[in-house]
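Here is what each chain is made of, one letter per residue.
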Amino acid sequence: TYCVDLDRVWAVGCSNGGMFTFALAADSRSAPRLAGIAAVVGLPHNGFNLGPADPLHMLGVWGTRDHTCPPLSNTDDPDKSYDTAYNGWYYSTAANTTRTWARANDCSALRFDDDDSLAALGDDCVDVGTGCRRGDVRACVFGSIHVCNQTRQHAAVLDFLLPRRKPTTTSPDARRPRRPPSLLGLFVFSCGLLILLVSAAALCLFSRRRRKLRAAYAGVSHCELAHRGGSKPRRQTPEPTSPVSPKGKPRSRIPGGTAETYRALV
């Protein structure tokens, strides 16, 4: 086993992997498990710049000469860029993406409202806003193309990740580790399951025995059962109001037959 600090679990990706980190941050199932994301030459697609579903840190590393995932707008929409390397993909610009995250993280004094302010960085990294209460947002812009193997890119990622932990505004239950079941809990569960199985088997045997008795004594009168020494449940039948039947003959009070039947059985 390995000791893992659950407050320092990050999602880091390059290119398509960087796009995927934004999807993880926007998903309420995965966002609470992360401390933040670091996307290198990756941006969310246009229309999918959703921001974080939970308080998270965010780092974006982009190249101004990247034509595959352009961080600066090259369309009529200042918040949208177009992939000119493969001709077919639209992205949210770096300024639009960082602005969305800064607002979601309650940052003040936003620094990037357009591409000009972002491009003015040159080869540098800067925090997008100050006083962020739900996670820091930082942008790094280099004069590079669509590559992921530059030392300065790796250094920017490590400089951002190492000193930061999961923002404390999130619920602690979301990242609480699951404890393995204890031996006592397994023992109690096993005993309960065993009692349940024994009770079910006993109920099944009792029902089966009762059906056999009903089949064996079907059609046998109460008097005959009493003569055999057996027992049969009596039906609750109302007693006649008069000992004389409508035809004038004496009515027997012996259930299951007449007096002659009883004498014949005895």
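Look up a bit, the structure's there.
Rules behind the numbers
- Residues numbered from 1 in each chain as written.
- Predicted model: local features only at pLDDT ≥ 70, side-chain atom pairs only at ≥ 80, totals over all residues.
- Heavy atoms only, no water.
- Pairing = 2+ DSSP bridges.
- Helix = DSSP H or I, 4+ residues; strand = E, 2+ residues; numbered from the N terminus.
- Axes fitted to C-alpha atoms, helices over the stretch in contact; angles between N-to-C directions.
- Contact = heavy atoms within 4.5 Å.
- Disulfide = S-S within 2.5 Å.
- Buried < 20%, exposed > 50% of the residue type's maximum accessible area, 1.4 Å probe, protein only.
- 1 Å grid on protein atoms, 1.4 Å probe; cavity = no way out; pocket = protein on both sides within 12 Å on 5 of 7 lines; lining within 4 Å.
- Points joined across faces, edges and corners; volume = space filled by probe spheres on them.
- Right-handed = clockwise from strand over helix to strand, strands pointing away.

Q: An account of the sheet that holds strand E7 (residues 137–142) is needed here, citing residue identities and associated values.
A: Pairing in this open sheet of 5 strands is mixed, and the strands run E1-E2-E3-E7-E6 from one edge to the other. Edge positions in the sheet fall to strand E1 (10–14) and strand E6 (124–127), since each of these pairs with one other strand and no more. Strand after strand, the sheet turns through a mean of 10° between neighbouring axes, direction not considered. Examined bridge by bridge, strand E2 (residues 36–40) and strand E3 (residues 57–63) share 5 bridges and lie parallel to one another. Residue Val 40 lies in a different strand from E3, and its bridge partner there is Val 61. Against the sheet, helix H1 (residues 16–26) makes contact with E1, E2 and E3, and its axis sits at roughly 150° relative to E1, the strand it touches most. Where helix H2 (residues 94–104) meets the sheet, it contacts E2, E3 and E7, and its direction lies at approximately 170° from that of E3.

Q: Pulling in residues and values, what's your account of the side chain of Thr 21?
A: Among the structural elements, Thr 21 can be located in helix H1. Sequence-distant contacts of Thr 21, that is, excluding residues within four places in its chain, are made with Ala 11, Val 12, Gly 13, Ile 37, Ala 38 and Ala 39.

Q: Before we move on, could you go through the state of the cysteines and cite the residues and values that matter?
A: What the rule picks out here adds up to 3 disulfides. In this model Cys 125 forms its disulfide with Cys 140; the gap between the sulfur atoms is 2.0 Å. Its torsion about the S-S bond being 115°, the disulfide of Cys 125 and Cys 140 is classed as right-handed. Placement of Cys 125 in strand E6 and of Cys 140 in strand E7 is noted, with a sequence separation of 15 residues between them. In the protein, the cysteines engaged in disulfides, taken in order along the sequence, are linked 1-6, 2-4, 3-5. Among the cysteines around Cys 69, which has no disulfide bond, Cys 14 carries the closest sulfur, lying 9.7 Å off. The class for Cys 69 is buried, based on a relative accessible area of 1%.

Q: Provide a residue-level description of empty space enclosed by the protein, including the pertinent values.
A: Following the criterion strictly, the structure yields 1 cavity of 30 Å³ or more and no others. Each pocket or cavity is described by its volume, and for the largest cavity that value is around 40 Å³. Around the largest cavity sit Phe 22, Ala 26, Pro 44, Phe 48, Asn 49, Leu 50, Gly 51 and Trp 101, which together line it.

Q: Pulling in residues and values, what's your account of the pairing of E2?
A: Counting buried residues in E2 gives 5 out of 5 residues, a clear majority hidden from the surface. The alternating pattern of E2 places Gly 36, Ala 38 and Val 40 on one face and Ile 37 and Ala 39 on the opposite face, and all of these are buried. Pairing geometry for E1 and E2, over 5 bridges, is parallel. Each bridged residue has a counterpart across the sheet, and for Trp 10 the counterpart in E2 is Gly 36. In the classification by handedness, the crossover that spans E1, the intervening H1 and the parallel E2 is right-handed.

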